[in-house]
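Observations on the three-dimensional arrangement
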Amino acid sequence: GPSSVTAAGVGKFVIIAHRGASGQAPEHTMAAYQLALDQGADYLELDIHMTKDKQLIAIHDDTVDRTTNGQGKVNSLTLSEIKQLDAGSRFNQNFPDKAKPYYRGQTILTLEEVIGKFGGSVNYYIELKKTQQYSEMADKLLRFLNAHQLIGTLGVHGQVIIESFHEDTLKYLRNKSSELILVQLTDNPWNIDLAKIASYADGVGPNYTKINQKFIETAHQHGLLVHCWTVNNETDMIKLINWNVDGIFTNYVDRARIIGTVF
Ligand code: G3P
Ligand code: CA
C-alpha cells in the first residue's frame, strides 16, 4: 500500500514530469528530462514501447510519425533506425515561440540511455504501453530495473513506479514482485472497482477531468494513492491539491512546483 512508498515521501505531493518537461521541450528527449529535473520534478515519466529488435525505448505513440522526422511503427523499426531520427525539430516547427536550436537533433532514447544518464539519483515513473503488442516487455523491464539496482533488495523503495492502463500487465508484475509500486491508469474512473484495484496495485491514475473530491476520498479509503493526469493549469492544480491528491502528471513542472510549494 501507499504507506510503503518512501522515496517520494508519504503525504507529500509529487510532481511527475509528463514525458519530461514536455510543455517546453520535445517530449521524451534528454532536453525534456533535464529541464524537468532542473525545474524540480519528483519523477520523470517514461512511456515505453519496444523496437523491432526488442529494445525498450521512451516514446508515447506506437509510431514515430508525430514526434520525429521519420515514419513507421516502433515495433517495425530497429533501434539503429530509430536512433537516426530527429525527435526535436518537429517541436521547433510546431512551437516556434518555444523553439531552441539544441532541440534539433535530439533523439529518441532507450531506457538504458535515460537511466545511464541519471542513474539512481532520480525517480522514474514508467508506463508500459500496448503490452498486447509486446509480450516480453514486462519481463524485460523487470530484468533491466533489477540489473540497475533500481528495484529489488538493492533498490530504494519508491524510486520506480510502474503505471499501465493494462490491468493484466499490472497483475503479472504484482505476481512477480510484491515490492513494486504499481499504478492502474484509467480514463474511466467511475467505471472501475477500487477495491479490486487495491488487490493488485498501490495507486490509481485517473484522467483528472473525470473525477471529483469524492473519488479521491474513496480511493484513499481503499488505501490507494491518486496520481492524476495531465494537469497543466494552475487552477486545476490548486483544486486537486485541495482535494488531497497525492501527485499529478504535468507538462509544466515549473508551474506545479510553485503551486505545490504555496498550497
Ligand atoms: O500516464 C499518465 C498519462 O500519461 C496517460 O496518458 O496518453 O499521456 O500516456 P498518456
Ligand atoms: Ca503516460
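Refer to the structure printed above.
Quick caveat, the model's predicted, so the values are computed rather than measured. (Residues numbered from 1 in each chain as written. Chains lettered and ligands numbered in written order. Predicted model: local features only at pLDDT ≥ 70, side-chain atom pairs only at ≥ 80, totals over all residues. Heavy atoms only, no water.)

Remarks on helix H9 (residues 234-242)
Along an α-helix, residues three or four positions apart point the same way, because every turn accommodates 3.6 residues. Within H9, burial applies to Asp236, Met237, Leu240 and Ile241. Around the axis of H9, the buried residues are gathered within 130° of arc, so they sit on the same side. The outward face of H9, more than 90 degrees from its buried face, is lined by the exposed residues Thr235 and Asn242. The inward-facing, buried residues of H9 contact helix H8 (213-221), strand E9 (225-228), strand E10 (247-250) and helix H10 (253-262). The N-cap of H9, judged by a side-chain oxygen 3.1 Å from the amide nitrogen of threonine 235 a few residues on, is asparagine 233. Just beyond H9, the residue with positive phi is asparagine 244, at close to 75°. (Buried < 20%, exposed > 50% of the residue type's maximum accessible area, 1.4 Å probe, protein only. Helix = DSSP H or I, 4+ residues; strand = E, 2+ residues; numbered from the N terminus. Arc of directions from axis to C-beta. Contact = heavy atoms within 4.5 Å. Polar contact = N/O pair within 3.5 Å; in protein donor to acceptor, adjacent residues only side chain to side chain.)

Comments concerning the environment of arginine 104
Positionally, arginine 104 belongs in the loop between helix H3 (89-94) and strand E4 (109-110). By relative accessible area, which is 57% here, arginine 104 ends up exposed. Taking the C-alpha atoms as reference, arginine 104 lies 8.3 Å from arginine 90; in sequence the two are 14 residues apart. Excluding anything up to four places from it in sequence, arginine 104 contacts Asp86, Ser89 and Asn92.

Digging into the packing of aromatic side chains
Counted by the stated rule, this structure contains seven aromatic pairs. Summarising the aromatic geometry, the rings of tryptophan 190 and phenylalanine 215 are spaced 5.7 Å apart at their centres and angled 75° between planes, so their arrangement reads as edge-to-face. Pair noted here: tryptophan 190 is in the loop between strand E7 (181-186) and helix H7 (194-198) and phenylalanine 215 is in helix H8, with a separation of 25 residues, a long-range link. Of the residues examined, phenylalanine 215 reaches a relative accessible area of 2% and is grouped as buried. A cation over an aromatic ring shows up here: lysine 98 above the ring of phenylalanine 95, its NZ or CZ 5.6 Å from the ring centre. (Phe/Tyr/Trp six-rings, centres within 6.5 Å; stacked < 30°, edge-to-face > 60°. Lys NZ or Arg CZ within 6 Å of the ring centre and 35° of its normal.)

Section: the pairing of strand E6 (residues 160-164)
Most of E6 is tucked away, with five of its five residues classed as buried. Of the strand pairs in this sheet, strand E5 (residues 124-128) and E6 are connected by four bridges, and their pairing is parallel. Across the sheet, residue isoleucine 126 finds its bridge partner in E6, namely isoleucine 162. In terms of handedness, the path from E5 via helix H5 (residues 137-147) over to E6 forms a crossover that is right-handed. Pairing geometry for E6 and E7, over four bridges, is parallel. Directly across from isoleucine 161, in E7, lies its bridge partner isoleucine 181. Between the parallel elements E6 and E7, the chain passes through helix H6 (residues 167-176) in a crossover that is right-handed. (Pairing = 2+ DSSP bridges. Right-handed = clockwise from strand over helix to strand, strands pointing away.)

Bear in mind that shape data such as this cannot, by itself, settle questions of function.
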